[in-house]
Amino acid sequence: MTDAQPGRPTENAMRRALKRARDGVALDTAEAAVLLQARGEQLRDLSASAARVRDAGLEAAGRPGVITYSKKVFIPLTRLCRDRCHYCTFVTVPGKLRREGHGMYLSPDEVVETARQGAALGCKEALFTLGDRPEDRWPEAREWLDAHGYDDTLAYVRAMAIRVLEETGLLPHLNPGVMSWTDLQRLKPVAPSLGMMLETTATRLWSEPGGPHHGSPDKEPAVRLRVLEDAGRCNVPFTTGVLIGIGESYEERADALFQLRRIQRQYQSIQEVIVQNFRAKPDTAMRAMPDAELEELAACIAVARHILGPAARIQAPPNLVDSEYALIVGAGIDDWGGVSPLTPDHVNPERPWPHIDQLAERTRETGFELRERLTVYPEFIARGEPWLDPRLLPHVRALADPETGLAREDARPEGLPWQEPDEGFTATGRTDLHRTIDTEGRTGDRRADFDAVYGDWEALREQAAPGMVPQRIDSDVREALAQAADDPTRLSDDQALALLHADGPALDALCSIADDLRRATVGDDVTYIVTRNINFTNVCYTGCRFCAFAQRRTDADAYTLSLDEVADRAAQAWEVGATEVCMQGGIHPDLPGTAYFDIARAVKERVPGMHVHAFSPMEVVNGASRTGLSIRDWLTAAKEAGLDSIPGTAAEILDDEVRWVLTKGKLPAADWIEVVRTAHELGLRSSSTMMYGHVDQPRHWLGHFRTLAAVQQETGGFTEFVTLPFIHTNAPVYLAGIARPGPTTRDNRAVTAMARVLLHPHITNIQTSWVKLGAEGAAEMLRSGANDLGGTLMEETISRMAGSRYGSYRSIEDLRAIATLAGRPAKPRTTLYGEVPAERTAAAEDSDGHLPELLPLAE
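Our subject in this report is the structure included herewith. (Residues numbered from 1 in each chain as written. Predicted model: local features only at pLDDT ≥ 70, side-chain atom pairs only at ≥ 80, totals over all residues. Heavy atoms only, no water.)

Let us now look at the overall build of the protein. Looking only at helices and strands, the protein has 36 helices and 21 strands in total. What you see for the protein is a C-alpha radius of gyration of 29 Å, in line with the 29 Å of a compact globule of 859 residues. Along the three orthogonal principal directions, the C-alpha set of the protein runs to about 85 × 60 × 55 Å. Split into buried and exposed, the 859 residues of the protein put 63% on the buried side. Split by element, the accessible area of the protein, about 30600 Å² in all, is 49% carbon and sulfur. (Helix = DSSP H or I, 4+ residues; strand = E, 2+ residues; numbered from the N terminus. Rg over C-alpha atoms; globule rule 2.2 N^0.38 Å. Buried < 20%, exposed > 50% of the residue type's maximum accessible area, 1.4 Å probe, protein only. Areas by Shrake-Rupley, 256 points an atom, 1.4 Å probe, with all protein chains shown as cover.)

Another point: helix α14 (residues 356–365). Among all positions of α14, only Ile-356, Leu-359, Ala-360 and Thr-363 are buried. Viewed end-on, α14 has its buried residues packed into an arc of 100 degrees, placing them on one side of the element. Exposed positions of α14 whose direction lies more than 90 degrees from the buried face are Asp-357 and Glu-365. Close packing links the buried residues of α14 with β1 (66–78), α13 (325–330), β8 (335–339) and β9 (369–373). Once α14 finishes, Gly-367 follows within two positions and takes phi at roughly 95 degrees, a positive value. (Arc of directions from axis to C-beta. Contact = heavy atoms within 4.5 Å.)

What follows deals with the environment of Met-781. Along the chain, Met-781 turns up in helix α32 (residues 770–782). In the structure, Met-781 is positioned 33 residues away from Asn-748 in sequence and 7.5 Å away in space, judged by C-alpha atoms. When neighbours within four sequence positions are excluded, Met-781 is seen to be in contact with Asn-748, Arg-749, Thr-752, Thr-768, Leu-773 and Ala-786.

Turning to the side chain of Ser-216, a few remarks are in order. By secondary structure assignment, the location of Ser-216 is in the loop between α9 (204–207) and α10 (221–233). The contact partners of Ser-216, leaving out residues within four places of it in the chain, are Asp-83, Arg-84, Cys-85 and Trp-206.

Counting buried positions along β1 yields 13 of 13 residues, so the element is predominantly enclosed. With five bridges connecting them, β1 and β9 associate as parallel partners. Among the inter-strand pairings, Ser-70 is bridged to a residue of β9, identified as Arg-373. As paired strands, β1 and β8 are joined by three bridges and run parallel to one another. Across the sheet, Ser-70 pairs through a bridge with Gly-338, a residue of β8. Where β1 meets strand β2 (residues 125–130), six bridges bridge the pair, whose relative direction is parallel. Within β2, the position partnered with Phe-74 by the bridge is Leu-127. (Pairing = 2+ DSSP bridges.)

Next up on the list: helix α28 (residues 669–681). For α28, built from 13 residues, the straight-helix expectation of 18 Å at 1.5 Å per residue is met to within 8% by its first-to-last C-alpha distance of 18 Å. All buried positions along α28 are accounted for by Ala-669, Asp-671, Trp-672, Ile-673, Val-675, Val-676, Thr-678, Ala-679 and His-680. Gly-683 occupies a position one or two residues after α28 and carries a positive phi of about 85 degrees. (Expected span 1.5 Å × (residues − 1).)

A separate point is the nonpolar core. Among the nonpolar cores identified, the biggest contains 255 residues, and Trp-336 and Phe-705 are the most heavily contacted of them. The leading source of residues in this core is helix α12 (residues 294–308), at 11 residues. In this structure, Cys-85, Ala-202, Ile-246 and Phe-278 belong to the second largest nonpolar core, which totals seven residues. (Core = buried A, V, L, I, M, F, W, Y, C linked by side-chain atoms within 4.5 Å.)

Our focus in this paragraph is the packing of α32 against helix α34 (residues 812–821). For the pair α32 and α34, interaxial distance at closest approach is 7 Å and the crossing angle is 35 degrees. Between α32 and α34, the residues in contact are Trp-770, Ala-775, Glu-776, Ala-778, Ala-779 and Leu-782 and Leu-815, Ile-818, Ala-819 and Leu-821, respectively. When grouped by side-chain class, the residues that make up the contact of α32 with α34 number nine nonpolar, no polar and one charged. (Axes fitted to C-alpha atoms, helices over the stretch in contact; angles between N-to-C directions. Nonpolar A, V, L, I, M, F, W, Y, C, P; charged D, E, K, R; others polar.)

Now for the side chain of Gln-495. Here Gln-495 lies in helix α21 (residues 493–500). Here Glu-479 takes part through its side chain, which lies 3.2 Å from a polar atom of the side chain of Gln-495. (Polar contact = N/O pair within 3.5 Å; in protein donor to acceptor, adjacent residues only side chain to side chain.)

Further remarks concern the packing of aromatic side chains. In this structure the tally under the stated criterion is 17 aromatic pairs. Considering the side-chain rings of Phe-536 and Tyr-596, the 6.3 Å spacing of their centres and the 75 degrees angle between planes classify their relative orientation as edge-to-face. Pair noted here: Phe-536 is in the loop between β12 (531–535) and β13 (559–560) and Tyr-596 is in helix α24 (residues 595–606), with a separation of 60 residues, a long-range link. For the pair shown, Phe-536 and Tyr-596 are each scored as buried. Through pairs of rings, three or more aromatic residues link up here, namely Phe-536, Tyr-596, Phe-597, Phe-615 and Trp-634. Over the face of the ring belonging to Trp-660 we find Arg-233, whose NZ or CZ atom lies 3.7 Å from the ring centre. (Phe/Tyr/Trp six-rings, centres within 6.5 Å; stacked < 30°, edge-to-face > 60°. Lys NZ or Arg CZ within 6 Å of the ring centre and 35° of its normal.)

With that out of the way, let us pick up unusual backbone geometry. Trans peptide bonds make up the majority, and among non-glycine residues the majority have a negative phi. The step from Glu-385 to Pro-386 runs through a cis peptide bond, and the omega angle for that step is 5 degrees. Mapped onto the secondary structure, Pro-386 falls in the loop between α15 (378–383) and α16 (393–399). His-760 connects to Pro-761 through a cis peptide bond whose omega is 0 degrees. Along the chain, the position of Pro-761 falls in the loop between α31 (745–759) and β19 (766–767).

Counted according to the given criterion, the structure contains 65 salt bridges. Measuring nitrogen to oxygen at the nearest pair gives 3.4 Å for the salt bridge that ties Asp-555 to Arg-552. Take Asp-555: its relative accessible area is 11%, and that puts it in the buried class. For Arg-552, a relative accessible area of 25% corresponds to the partly exposed category. Look at the salt bridges and you will find they share partners, linking Arg-63, Arg-305, Arg-313, Asp-334 and Glu-379 into a network. (Salt bridge = Lys/Arg side-chain N within 4 Å of Asp/Glu carboxyl O.)

This next bit is on the pairing of strand β14 (residues 580–584). Of all five residues in β14, five are buried, a share of seventy percent or more. Relative to strand β15 (residues 611–614), β14 runs parallel, the two sharing four bridges. Across the sheet, the residue bridging to Met-583 is Ala-614, located in β15. Taking the sense of rotation as the criterion, the β-α-β connection linking β14, α24 and β15 turns out right-handed. (Right-handed = clockwise from strand over helix to strand, strands pointing away.)

Moving on, we come to the environment of Thr-489. Tracing the backbone shows Thr-489 in the loop between α20 (477–486) and α21. Its relative accessible area of 47% is what places Thr-489 among the partly exposed residues. The sequence separation of Thr-489 and Trp-660 amounts to 171 residues, and the corresponding C-alpha distance is 31 Å. Ignoring any residue separated from it by four or fewer positions in sequence, one finds Thr-489 in contact with His-760 and Pro-761. In this structure the side chain of Thr-489 is engaged in a polar contact, spanning 2.5 Å, whose partner is the side chain of Asp-487.

Here's what the structure looks like:
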């Protein structure tokens, strides 16, 4: 795309940039833009240095001199799309499909038959290509989905991927366009890899009338970059790339490559980058646009290699390079992408695939050997968990060479069941951790994959820096205090921020106002609940950077309880007067989405009267994703299995600026809100929480409080708000030098007081945590607006693994003593803040102080 470019770079600029490339010096955007214009001898110089980088990467990967490809079939699931890209011939309209005798979607039989034919020819990949969410634009698509029983196009994609796995053994690679975090969670269990081209970061090509992406909501660069980031957060091996020659400048082209490098550096999730050249097609709005020349393609490949580095896998489609194989290989590719012996390239149908034997010969002429790979690259097969869902492992292992991770070329795909692993509820590991964490402690201060599971710490440090800067507050604290005392519901955001920053006498006055408001709202009783925490597994690969509880399955402190052990612990708790069990666990890759139902059912069958308070919103999303159910349907099934309410944990801070520093893969704030709102609508009440004192600032606390208050006004489903001070000692984000060492006493008092003030009158119960603050700290919070001490807990592993010093159990007498320190009476409650039955109260009083002898399971 030369006509939109300014003049060519000067000879000096080109010479300087080429030398930096030869010397292996990191390029900046301006230098990359210069090198993208290299032609002739300059291009040969650039390509030579890029090829050296590529060769070093192949050597390090254990496959020197190898260029790979994937033998696949294309499955064009639907050619309808809600977007209007001006160069696309793949997409059509319902009327044309009808005239040609086609349905709005391929039928299930058509999908499976295409896959079967491909398997018979030795293909191992089924590439699902389709338009973005056609049901949002075309009523005919919506009608087809409704008639066939699918909620949306992605539900149909998921169902067909499972059929292909089970009936043919081909490995699905899914290209459904823009996906949300939740969509990625839904699709990851059914496909070893997913993909979406970034294409460009030139926003003007999307926003300006006449641009190639104008009128296409899914082509906004910011939206597509968010998909790539979410794929990294979800540990999805992801294919992406750039499309060159559609009107972008060289600087914009370079920016796209640097954005890919940024995301890869942070998440290590991009398995390949496609560099594709624009080819004009008749009957499109861009039919008169000149094709991107092959030297332009080669220059972009070479620059991409220099920017992305030796470990990147860079691909160019072989049907778009004419006969210039040597030019393209010499520029630094190491993969030809997918080649099909059966189906055409549905995106570029005028360009037939080369025969695989021909491609092998042309590759050999460039000095390389052509080897077949799977849709998921060897590096991700070698990484294993959490990159491949356990239900896909048998399918991948059946086709992968165990030594190289490449395809076994003699393997013929055969359908295998897509099912959960058999060993999901086998008791394993350190199942006595709930006791020994207080006596023996944890084995080490961090899990063994500390440097890999959380992403790139240096990139994270840069990302976290802006949030660590305190905000200047100019509002009058005295005016804000007066408003809080008079009518806290009328506090402005500026006033609320001033109070969240209060210290000294102003903080004392704020806590006094909050305490008065507490007394007027709920009285003087300090409530507590006799409960038992049961953390049924700590195996988790979500990558929460604040969490010291999660372990790999092979770590010394890892464990999983059996269903009998869960039920035994609930029964023990009932014997000593408990009214509730609070059950949460890690996102264990082997536990099926129905495991949560089994857990609730096991407790209810053993102890019918026990209130089951269980499963954070993250666990709810995990269960729904793994079962293919909607959030609503999954929660309905959980309620039928015995779930009574859910903990509002996994909230941390409901601001994605902070969340994506705190956690690599936990659900976004909007999804947390959707889960609790849906639970409330179904009659499942929940607590609400906020973890603070890490990389957050008071402005984030304010936003969090406002969000909770808004949800409560809508649903009325929150039973309480729980303050969760960050425990830093063993938290990975602190060990990496990014987070603060937890909140100060000032922070704790301000958060507790402002929770009372800002959530009034919507959430009336404010809980403080003796586990995290100790007796004196909890008593101080009771004087600052809190009215609840939480539970006896009986066991508490999460905070103790993080380094909390205050134990795992408090007797009723201990909790009463904390209330006494605050000058208040104590009173037991149920989960929903009701009266405790006399029989339960008597059982708890009779057993009080003897709990430690009862907690260990019988050997």
